[in-house]
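Report on the structure
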Amino acid sequence: MDIVIEIITKIGLWFQSVLEFFGFSGLEGAGLIYTAIARWIFILLALFILTKAIASLLAGRSTPEVFAYFNISKVPTYDSDGYEVDDRIFGGRSDSGINVPITHWENSVGRSKRSDLRVNDQSVSRTQGTLTRDDYGNWKFMDAGSSNGTKIGNDILRAGESKHVEPGDRIYMGDSVCTIFPVSLEEQRNNRAMRKRETFLLSPWLSLLALTLFQFMTVVQLKVSLGDEFSSQIPVAFFGLAITMWVYTIGLRTFHQRGFDVEMIAFFICTLSLAVTSSKYPNGVLKQFVTVVMGVVLFVGMCWFMRNLERTKAVRKYLYVLGGVALVFTMIFARSIYGANNWVVIAGVSVQPSELVKLAYIWVGAATLDELMEKKNTLIFMGFSLFCFGCLALMNDFGTAMIFFVTFLVISFMREGDFTKLILVVGVAFVGGLMILRFKSHVAARFSTWGHVWEYADAGGYQQTRTMSAAASGGLVGVGAGNGWLKYIAASETDLVFGFVSEEWGLIIAVMTVLSVITLSIFAFRTIMNGRSTFYTIAACSAMALFLFQTILNLFGSVDLFPLTGVTFPFLSTGGTSMIASWGMLAFVKAADNRQGASMAVKEQRVQEAIYA
């Protein structure tokens, strides 16, 4: 460890001497000229990197693949000798029923118009059951408590019972009989060719070069601005981030991955996070970089783990326990910061366990289609949600509680699709919010200045008024990294970070970061149409809903459009636990991405391709 520290120190001192040799020692002479020019180059690089990534996410689409056909026909009749008179399934005639393409791994079956596989038969229940596929192409049918029951071959399924279904097996429901037909080899080749042709993925190399240049110029800018306060940790942290993103990209390219637009957005915002930390805490930026690396490792690990859906479902019972223990541990050992008891000091390092509990909450909240039919599963999640809300209320962490609540609404709607229940829940939450304002003075104080911060500029509105003033002074291009004055205001690097970035980097780059989060949210929503499993789509949409709402609270709270809630901006705010949790949230989005060559969470069927070629 001592050798590593010595090497890092030498690298920092060497880089520092190089900058001083070229005259970048303060805002005089060459330094002033550099800042004036670099501000515009930063904007051009940011627009190139983010516009390219956003365009790839919005333009790229995953073509629905037909995994099999669901043949629906009437139950055949038999003569007195027991022979089938009207074989509508295997007779090969034009009256052999209808073939519905199966384009999802999980499908609801029933007469409802909202069913994935609709059986237009009044004797069939609105939701008869579910038809699901595993990683190996095996199919399973589960009865969802249908009124007339379901029969597969000679086996009668009761509510909640399931049975594996082979191609050709007959599934009897009401007056209809259904059969799975596999797709032909030629159709499999066509599906793969179409998927590759319509997947829009841009090469990452130009973006990586542009971002590396952005990072190098940022270090120079910070040296110009900070002068004697410039720490040797700064070049080491930025150099380490550049190495991390290059190693990550090259490493995954060796495994035939081609889509890196999601990660490129995250790496860019992390670069701004290091710049914010360098400007505020020059000697703390290395710690922030370490948490970025930890976040990337967690991101890769979660994506790999979620490749197997059965393994993903099995681990949830442990996450219930870990999430509950983390919240109880926080209540017992946490210290109060700005009125909230949500920080725990472990070995001299402050962590916020509630940030990591967000990952567990989304993980246990997402469910496969089979599990959505089980009331027991829903009741367990409801109980865990109430437990989380109660713990956060006792910790006075109402900003995080609001984020959990919005995530709960998204998960609940995607699980049940019932607006009536959601309206009831929102009504109860509104009453609870009024009670909180009545009995929690520090929360009420924040609401009392909402919309009137200029009237309390030196009291309750101190932070927001300074944030808006600093953002206005930055204009479109900013005053240059390290040159701002908002960094001297408390919580400027966390709760008020949008104003921080607006001042030092300009409104254009600050708005682009917000647009990037919005784009990720849109992309997550689009995964619903072609998702492999409801688990992945619910998890991705819930994670991005959390991201989006958290960004809104941070942005609108800092400019007095919302009360200041004390939540962080994903990837951007300084803070190790928040950074790690942000990368974990991004893993849910990556796992739901099934574009060809874009998702490392989807197993590529290379063996099958070789067979069918």
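Data block above holds the structure.
Below is a short write-up of the structure. (Residues numbered from 1 in each chain as written. Predicted model: local features only at pLDDT ≥ 70, side-chain atom pairs only at ≥ 80, totals over all residues. Heavy atoms only, no water.)

Considering the overall build of the protein
Rules: Only DSSP runs of H or I reaching four residues or more are called helices, and only runs of E reaching two or more are called strands; each is numbered from the N terminus. Exposure categories follow from relative accessible area, calculated using a 1.4 Å probe and restricted to protein chains: below 20% of the type maximum is buried, above 50% is exposed, and the middle band is partly exposed. Contacts were defined at the residue level, with two residues in contact if any of their heavy atoms lie within 4.5 Å. In these tables, accessible area is a Shrake-Rupley quantity obtained with a 1.4 Å probe, and a residue counts as shielded only by the protein chains included in the view.
Looking only at helices and strands, the protein features 21 helices and 14 strands. Among the 613 residues that make up the protein, the fraction classed as buried is 53%. Taking the contacts inside the protein whose residues are at least 6 apart along the sequence as the reference set, 70% of them involve residues at least 24 apart. Here the protein has roughly 27200 Å² of accessible surface; of this, 65% comes from carbon and sulfur atoms.

Considering the pairing of strand β5 (residues 129-133)
Taken residue by residue, a regular strand's side chains alternate between the two faces of the sheet. Heads up, the condition is: For two strands to count as paired, DSSP must find a minimum of two bridges between them.
Taken across its five residues, β5 has five buried, putting it largely inside the fold. The alternating pattern of β5 places G129, L131 and R133 and T130 and T132 on opposite faces, both of which are buried. For strand β3 (residues 106-110) and β5, the ladder comprises four bridges, and the chain directions are antiparallel. Counterpart to N107 in the pairing with β5 is L131.

Side note on unusual backbone geometry
The phi angle of most residues is negative, glycine excepted, and most peptide bonds adopt the trans form. Located in the positive-phi region is A491, a residue other than glycine, with phi close to 65°. Considering the arrangement of structural elements, one finds A491 in the loop between α16 (462-474) and α17 (497-505). Positive phi outside glycine occurs at D560, with the angle close to 70°. With respect to the secondary-structure elements, D560 resides in the loop between α19 (534-558) and α20 (576-592). On the accessibility criterion, D560 (11% relative accessible area) is buried.

Side note on the nonpolar core
Rule in force here: Residue types Ala, Val, Leu, Ile, Met, Phe, Trp, Tyr and Cys, when buried and joined through side-chain atoms within 4.5 Å, form a set referred to as a nonpolar core.
Core analysis: the largest hydrophobic core is formed by 123 residues, its most contacted members being F268, W583 and F588. When neighbours within four sequence positions are excluded, F268 is seen to be in contact with A46, I49, L50, L211, F214, I509 and T513. Residues V109, L117, V119 and V165 belong to the second largest nonpolar core, which totals 18 residues.

Concerning the pattern of salt bridges
Formally: Each salt bridge in this description consists of a side-chain nitrogen of Lys or Arg and a carboxyl oxygen of Asp or Glu lying within 4 Å of one another.
Going through the model one piece at a time under the given rule, you end up with six salt bridges. With a shortest N-O distance of 3.1 Å, K358 and E355 are connected by a salt bridge. Here E355 and K358 lie together in helix α10 (residues 353-365), a separation of three residues that amounts to about one turn. Note on E355: relative accessible area 6%, which makes it buried.

A closer look at the state of the cysteines
Counted only if it meets this: Count a disulfide wherever a pair of cysteine sulfur atoms falls within 2.5 Å.
Enumeration according to the criterion identifies zero disulfides in this entry. Sulfur of C388: no disulfide; nearest cysteine sulfur belongs to C391 and is 6.7 Å away. You can call C388 buried: its relative accessible area is 0%.

Here we look at the sheet that holds strand β11 (residues 176-182)
So the rule is basically this: Inter-axis angles, ranging from 0 to 180 degrees, are taken between N-to-C directions of lines fitted to C-alpha atoms, where helices are fitted over the stretch in contact.
Strand order in the open sheet formed by six strands is β2-β1-β11-β10-β7-β8, with antiparallel pairing between adjacent strands. Every other strand in the sheet has two partners, leaving β2 (98-102) and β8 (155-157) as the edge strands with one partner each. Geometrically, the sheet is characterised by an average inter-axis angle of 25° between neighbouring strands, direction not taken into account. Alignment of strand β7 (residues 150-152) against β8, held across three bridges, turns out to be antiparallel. Counterpart to T150 in the pairing with β8 is L157.

As for empty space enclosed by the protein
Threshold: A 1.4 Å probe that fits into a set of points on a 1 Å grid over the protein atoms alone but cannot get out defines a cavity; an open set with protein on both sides within 12 Å along at least five of seven lines defines a pocket, and lining residues are those with an atom within 4 Å of a point. Grid points are joined across faces, edges and corners, and a volume is the space filled by probe spheres set on the points. Think of it as three bins: nonpolar holds Ala, Val, Leu, Ile, Met, Phe, Trp, Tyr, Cys and Pro, charged holds Asp, Glu, Lys and Arg, and polar takes everything else, Gly as well.
A full pass over the atoms with the stated rule returns three cavities of 30 Å³ or more. Of the volumes computed, that of the largest cavity is approximately 90 Å³. If you go around the largest cavity, the residues you meet are I49, K52, A53, S56, L202, S203, P204, S207, F260, D261 and M264. Contributions of two or more residues to the lining of the largest cavity are made by α2 (30-59) and α6 (261-280). Here the element with the most residues in the lining of the largest cavity is α2; it accounts for four residues. In terms of residue class, the lining of the largest cavity is built from six nonpolar, three polar and two charged. Lining the second largest cavity are E355, K358, L546, F547, Q550, T568, P570, S578, A581, S582 and M585. Here the element with the most residues in the lining of the second largest cavity is α20; it accounts for four residues. Grouping the amino acids of the lining of the second largest cavity by side-chain chemistry returns five nonpolar, four polar and two charged.

Taken by themselves, the reported measurements are silent on function.
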